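Descriptive analysis of the structure
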Amino acid sequence: MSVPTAAADQSVCAPLPVLGRDVTVPLVTGGEVTYAALDYAASAPALQRVWDDVAAYAPYYGSVHRGAGYLSQLSTDLFENARRTVAEFLDCRTGDQVVFTRSTTDSLNLLAAALPDGCEVFVFETEHHASLLPWRDARVTYLDAPDSPRRAVETLEHALAGRDPHGPALVCVTGASNVTGELWPVRELAAAAHAHGARIVLDAAQLAPHHPVSVRELDVDWVAFSGHKLYAPFGSGVLAGRSDWLREAEPYLAGGGASRTVTRRADGGVDVEWHDSAARHEAGSPNVIGAYAVASACKALTEAGFDTLIAREEQLIRTVREGLADVPEVRFLSLFGDDAPRVGVLSFVVEGWNSSHFAAALSAEYGIGVRDGLFCAHPLVRTLLGSDPQSQGECGAPEAAPGEKSLNAIRVSFGAGTPDEHVERFVRAVRELVRDGARWSYRTEDGRCVPDTSDRA
C-alpha cells in the first residue's frame, strides 16, 4: 500500500523551502517586513516538503494496528515504515528499537523510567533541562562544565572511575549545546562510558537537524531527538537504541497497544502480558501524522545532503562572527573557545543592554525573532555569564527592566531553511542597535520587554 507523497526537491541548493518563509510582520516604527525566524534552536519551521507529505496523507487517515479496513491497514504500514526510516536515518544496529514519543524531553523521561534498580546517572551541568532533570529516581552525579572537549572526557573518566563497575550506570550527554552550539566529543565520551561499564544516551535535539547522527559510529546506546527541531511539526519525538532495558521495564504508559493480552483472574483481578517491542511504550493511539512527519524530515535532510547543509551553515556562522568581530560590546558565550566546531546556534550578551530589551528591539524594529533568557539550561548559562550557577530564574523570563543589568543572554540560531538575508539583517541590526540605540521606548509587561506604544523613544 502506498500514500501519495509530495515530490522531493531534487535541488541541492540551500536554503530548503520552509513554511513561513514569506510571512510579513509589522514594525513598531511603521511598515512591514518579511519575518526573519532566527530561533531554530527552540523550534525550526517545518519543511515545505514535510508539510506537503502530511497533507497528501491526510485523506487516508485511519487507525493503526487495530483495524481491518483499507485505510487502517495503509496507516499501519505508513507508521511502521516511518519507524524503519528513522532507524535508517540514525544508522541503528540490528535489534535496536525506535520508540515514537512526544519530544526529546518525553524520550529521556521514558528512558529514566526504564533504568534498572540501583542505576547511577552521570550528567554534565551543561545539559538542557530535558537531559538534566528526568533522573529523579536514580543516584545522579552532576559534573562541572568542562573548558575543552578533552577535559570533558577526562572529567567523565574520573567520575566513572569511582563507581562500582558491576552495577548499572548511564551517562547522558548532548551532541551540540543548545546555548553555545558547540559540538561535544560524543564518540570519545561513549568510549569512556563503555570502558567503565556504563551506557550512554545522546541528546541529539540540536545535533540531528544539523549533522548526521550514526548510532553505530558514535557507539551510543540510545539517542533522543524532537521532531519540532528537525523541521517537522510539534508533538513528535524519538527514542532509539538498545532494547533490553526498554523491554524489561514497566510500560511507560499502561493501556491499549502496550498490552498483548489481558485476562481476568479468579480473584477478580487482571493479568497482563505486555509487548516486548517498541509498542510496549507506545500505549494509546499513536501520533501517526507526527511519526510520518519525522520520517519525511529524515528523508528530506538525507536527500539534501548533510555535507551541503553543513557547508552553508558554516558560512552563515562566519557571517555572524565576522560581521560582529569589530563590535566590542558583543560577547559570544563559549565553553570550548571561539574556534570550536559548532552548529548554527550562537548566544551572546551586549554590554550596556538588558538582553530582553535587546531581543525586543530586534523583533519590534527589525522583524527578527531571536531568543533571550536562560534557554532551559540555567546552570550552563549562569556559569558562562559568571554568575552563581545555583541562582534561581524562570526559563526564558527576563530578570531586569530595560537598561538594567541582566543575567540573561540572547540566542540567535538558524539552519537549513535560513536565507542569507535574514542573517545579514541580523548582523546589521545588532550593529545599528549598539551604535545608535533603540528607536523606540520599551517597558516590562507580564514579565516580557515590549514596545511602549504610547510613546516614542
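The preceding data block contains the structure.
Description of the structure in this document. (Residues numbered from 1 in each chain as written. Predicted model: local features only at pLDDT ≥ 70, side-chain atom pairs only at ≥ 80, totals over all residues. Heavy atoms only, no water.)

Take empty space enclosed by the protein next. Overall, the coordinates contain two cavities of 30 Å³ or more when judged by the stated rule. The space that makes up the largest cavity amounts to roughly 40 Å³. Around the largest cavity sit Tyr40, Ala41, Ala44, Gln206, Pro209, His210, Lys229, Tyr231 and Val345, which together line it. Considered class by class, the residues forming the lining of the largest cavity number six nonpolar, two polar and one charged. Lining the second largest cavity are Ala14, Leu309, Arg312, Glu313, Gly415 and Ala416. (1 Å grid on protein atoms, 1.4 Å probe; cavity = no way out; pocket = protein on both sides within 12 Å on 5 of 7 lines; lining within 4 Å. Points joined across faces, edges and corners; volume = space filled by probe spheres on them. Nonpolar A, V, L, I, M, F, W, Y, C, P; charged D, E, K, R; others polar.)

We now examine the layout of surface pockets. The space that makes up the largest pocket amounts to roughly 400 Å³. What lines the largest pocket is a set of 28 residues, among which Ala41, His128, Asn178, Gln206 and Lys229 lie closest to the centre. Among the secondary structure elements, those contributing two or more residues to the lining of the largest pocket are helix H3 (104-113) and strand S16 (371-373). A per-element tally of the lining of the largest pocket places S16 first, with three residues. Considering only residue class, the lining of the largest pocket consists of nine nonpolar, 13 polar and six charged. Looking at the second largest pocket, it is lined by 23 residues, and the ones nearest its centre are Leu19, Ala37, Ser43, Ala44 and Pro45. Across the lining of the second largest pocket, the residue classes break down as 14 nonpolar, seven polar and two charged. (Helix = DSSP H or I, 4+ residues; strand = E, 2+ residues; numbered from the N terminus.)

Moving on, we come to the environment of Val86. By the secondary structure assignment, Val86 is in helix H2 (residues 70-89). You can call Val86 buried: its relative accessible area is 0%. A sequence separation of 253 residues divides Val86 from Asp339, and the C-alpha atoms of the two residues are 32 Å apart. Apart from the residues within four sequence positions on either side, Val86 is in contact with Val98, Phe100, Phe225, Val238, Val294, Ala295 and Cys298. (Buried < 20%, exposed > 50% of the residue type's maximum accessible area, 1.4 Å probe, protein only. Contact = heavy atoms within 4.5 Å.)

Right, let's talk about the pairing of strand S17 (residues 409-413) for a bit. Of all the five residues making up S17, five are buried; the element is thus mostly covered by neighbouring parts of the structure. Across the two faces of S17 the burial is the same, with Ala409, Arg411 and Ser413 and Ile410 and Val412 all buried. Taken together, the four bridges between strand S14 (residues 345-350) and S17 define a ladder with antiparallel strand orientation. Looking at the pairing, Val345 lines up with Ser413 of S17. Two strands pair when backbone bridges link them, and S16 and S17 are joined in this way by three bridges, in the antiparallel orientation. Across the sheet, Arg371 pairs through a bridge with Arg411, a residue of S17. (Pairing = 2+ DSSP bridges.)

The next subject is the sheet that holds S14. Pairing between the strands of a sheet comes from backbone hydrogen bonds, and it takes one of two forms, parallel or antiparallel. Spatial ordering of the open sheet is given by S13-S14-S17-S16, a layout of four strands whose pairing is antiparallel. Of all strands in the sheet, those with a lone pairing partner are strand S13 (330-332) and S16, marking the two edges. Neighbour-to-neighbour, the strand axes of the sheet open up by a mean angle of 30 degrees, direction not taken into account. (Axes fitted to C-alpha atoms, helices over the stretch in contact; angles between N-to-C directions.)

Here we take up the packing of aromatic side chains. Taken as a whole and assessed by the stated rule, the structure comprises eleven aromatic pairs. When the centroid spacing of 5.4 Å and the interplanar angle of 55 degrees are considered together, the rings of Trp184 and Phe336 count as tilted. Of this pair, Trp184 sits in the loop between strand S7 (169-174) and helix H6 (186-195) while Phe336 sits in the loop between S13 and S14, and the two are 152 residues apart along the sequence. Looking at Trp184, the relative accessible area reads 6%, which means it is buried. A relative accessible area of 14% means that Phe336 is categorised as buried. Over the aromatic face of Phe332 sits the side chain of Arg321, whose NZ or CZ is 4.6 Å from the ring centroid. Over the face of the ring belonging to Tyr366 we find Arg439, whose NZ or CZ atom lies 5.1 Å from the ring centre. (Phe/Tyr/Trp six-rings, centres within 6.5 Å; stacked < 30°, edge-to-face > 60°. Lys NZ or Arg CZ within 6 Å of the ring centre and 35° of its normal.)

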